[in-house]
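Observations on chain architecture
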Amino acid sequence: GAVVSQHPSWVICKSGTSVKIECRSLDFQATTMFWYRQFPKQSLMLMATSNEGSKATYEQGVEKDKFLINHASLTLSTLTVTSAHPEDSSFYICSARGEMGYGYTFGSGTRLTVV
Amino acid sequence: SQKIEQNSEALNIQEGKTATLTCNYTNYSPAYLQWYRQDPGRGPVFLLLIRENEKEKRKERLKVTFDTTLKQSLFHITASQPADSATYLCALPNQGGKLIFGQGTELSVKP
């Protein structure tokens, strides 16, 4: 079945630095990937839709200059959290849409802690 | 905008019993609805998809119903096991076609 690999699984960074999270589709091509954020005990919130070869589309309230998304190939999308602050600490998860009739395939998530 | 409501209180049941989780939505009826399982610190794992013209869908010990009149989906796990303990998420597409999630219901199955 479709597998999405996400790296790193956790990262701790200092306030003001940038962090890059990678999301790879291992055995299929994903022209579209999605980035979600999840706070403890809360739902997954869609941040942006990553489109291969074009600009990402961001959900309302998500700063595109802070959360940079690059989808340079059919198997890789990256999310860079720029100038991270403690309030950016969260669980970030990527996903790719599966075949018709099947759900999305999610990465294992990245726990970001900004200190 | 579409809102998804899942019981935020944890559901505690005894091993062997049937767990029933509820997902209600408030606005338009989606073309399909999905259920996912999420373990702590992990991404969600897809379980089942049910379309608007399907009343019921089964997969092994799992059963999902979809009532567009009530705007509700029920998710059942029969003969529950401690390994079924996790958070279960209901998801459906919004009017832009993007998948939105409920906050999930935590299920705990005691031996």
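Scroll up for the structure.
Residues numbered from 1 in each chain as written. Chains lettered and ligands numbered in written order. Predicted model: local features only at pLDDT ≥ 70, side-chain atom pairs only at ≥ 80, totals over all residues. Heavy atoms only, no water.

So, the overall build of chain B
- The helix and strand tally for chain B stands at zero helices and 11 strands.
- Helices and strands appear in chain B in the N-to-C order β-β-β-β-β-β-β-β-β-β-β.
- Along the longest, intermediate and shortest principal axes, the C-alpha atoms of chain B span 40 × 30 × 20 Å.
- Across the 111 residues in chain B, those meeting the buried criterion constitute 43%.
- Here the contacts in chain B between residues at least 6 apart in sequence split such that 53% fall between residues at least 24 apart.
- Entry remark: accessible area of chain B is about 5600 Å², with carbon and sulfur atoms responsible for 45%.
- If you average the places of the 14 positive and of the 11 negative side-chain charges in chain B, the two averages end up 3 Å apart. (Helix = DSSP H or I, 4+ residues; strand = E, 2+ residues; numbered from the N terminus. Buried < 20%, exposed > 50% of the residue type's maximum accessible area, 1.4 Å probe, protein only. Contact = heavy atoms within 4.5 Å. Areas by Shrake-Rupley, 256 points an atom, 1.4 Å probe, with all protein chains shown as cover. Lys, Arg positive; Asp, Glu negative; His and termini not counted. Charge placed at Lys NZ, Arg CZ, Asp CG, Glu CD.)

Notes on the packing of aromatic side chains
All names here are of chain A.
- Here the structure, examined in full by the defined rule, presents 11 aromatic pairs over all chains.
- Judged by centre distance (5.8 Å) and plane angle (50°), the ring pair of Tyr36 and Phe106 falls under tilted. Of this pair, Tyr36 sits in strand 4 (residues 32-38) while Phe106 sits in strand 10 (residues 105-106), placing them 70 residues apart in sequence. For the residue pair Tyr36 and Phe106, the accessibility class agrees, reading buried in each case. (Phe/Tyr/Trp six-rings, centres within 6.5 Å; stacked < 30°, edge-to-face > 60°.)

Points about the state of the cysteines
Residues and elements named next belong to chain A.
- A full pass over the atoms with the stated rule returns two disulfides over all chains.
- Linked covalently through their sulfurs, Cys23 and Cys94 form a disulfide whose S-S length is 2.0 Å. Given an S-S torsion of about 85°, the disulfide between Cys23 and Cys94 has right-handed geometry. Of this pair, Cys23 sits in strand 3 (residues 19-25) while Cys94 is found in strand 9 (residues 90-96), placing the two residues 71 residues apart along the sequence.
- Note on Cys13: no disulfide assigned, nearest cysteine sulfur contributed by Cys94 at a separation of 18 Å. (Disulfide = S-S within 2.5 Å.)

Some words on the interface of chain A and chain B
- Each partner contributes to the interface: chain A provides 21 residues, whereas chain B provides 18 residues.
- Across the interface of chain A and chain B, roughly 1500 Å² is buried in total on both sides, 52% from carbon and sulfur atoms.
- Interface area lost by chain A to chain B is led by A:Ser43, A:Tyr104 and A:Phe106, which between them contribute 29%.
- For the salt bridge of A:Glu59 with B:Lys98, the shortest nitrogen-to-oxygen distance reads 2.8 Å.
- There are eight residue pairs in polar contact (both at pLDDT 80 or more) connecting chain A and chain B. (Buried area = accessible area lost by both parts, 1.4 Å probe. Salt bridge = Lys/Arg side-chain N within 4 Å of Asp/Glu carboxyl O. Polar contact = N/O pair within 3.5 Å; in protein donor to acceptor, adjacent residues only side chain to side chain.)

Some points on the sheet that holds strand 1 (residues 4-6) of chain B
All names here are of chain B.
- The five strands lie next to each other as 1-3-8-7-6, forming an open sheet whose pairing is antiparallel. Looking along the sheet, the strands with just one partner apiece sit at the ends: strand 1 and strand 6 (56-59). Going across the sheet, the axis of each strand differs from the next one's by a mean of 15°, ignoring polarity.
- With six bridges connecting them, strand 7 (residues 62-67) and strand 8 (residues 72-77) associate as antiparallel partners. By the bridge assignment, Val64 is partnered in strand 8 with Phe75. (Pairing = 2+ DSSP bridges. Axes fitted to C-alpha atoms, helices over the stretch in contact; angles between N-to-C directions.)

Here we look at the nonpolar core
- Within the largest apolar cluster, 24 residues are counted, with the highest numbers of intra-cluster contacts made by A:Trp35, A:Phe67, A:Leu79, A:Tyr92 and A:Leu112.
- Filtering out sequence-adjacent residues up to four positions away, A:Leu79 remains in contact with A:Val19, A:Lys20, A:Ile21, A:Trp35, A:Phe67, A:Leu68, A:Ile69 and A:Tyr92.
- Ranked by size, the runner-up nonpolar core spans 22 residues in total, among them B:Leu33, B:Phe75, B:Leu92 and B:Val109. (Core = buried A, V, L, I, M, F, W, Y, C linked by side-chain atoms within 4.5 Å.)

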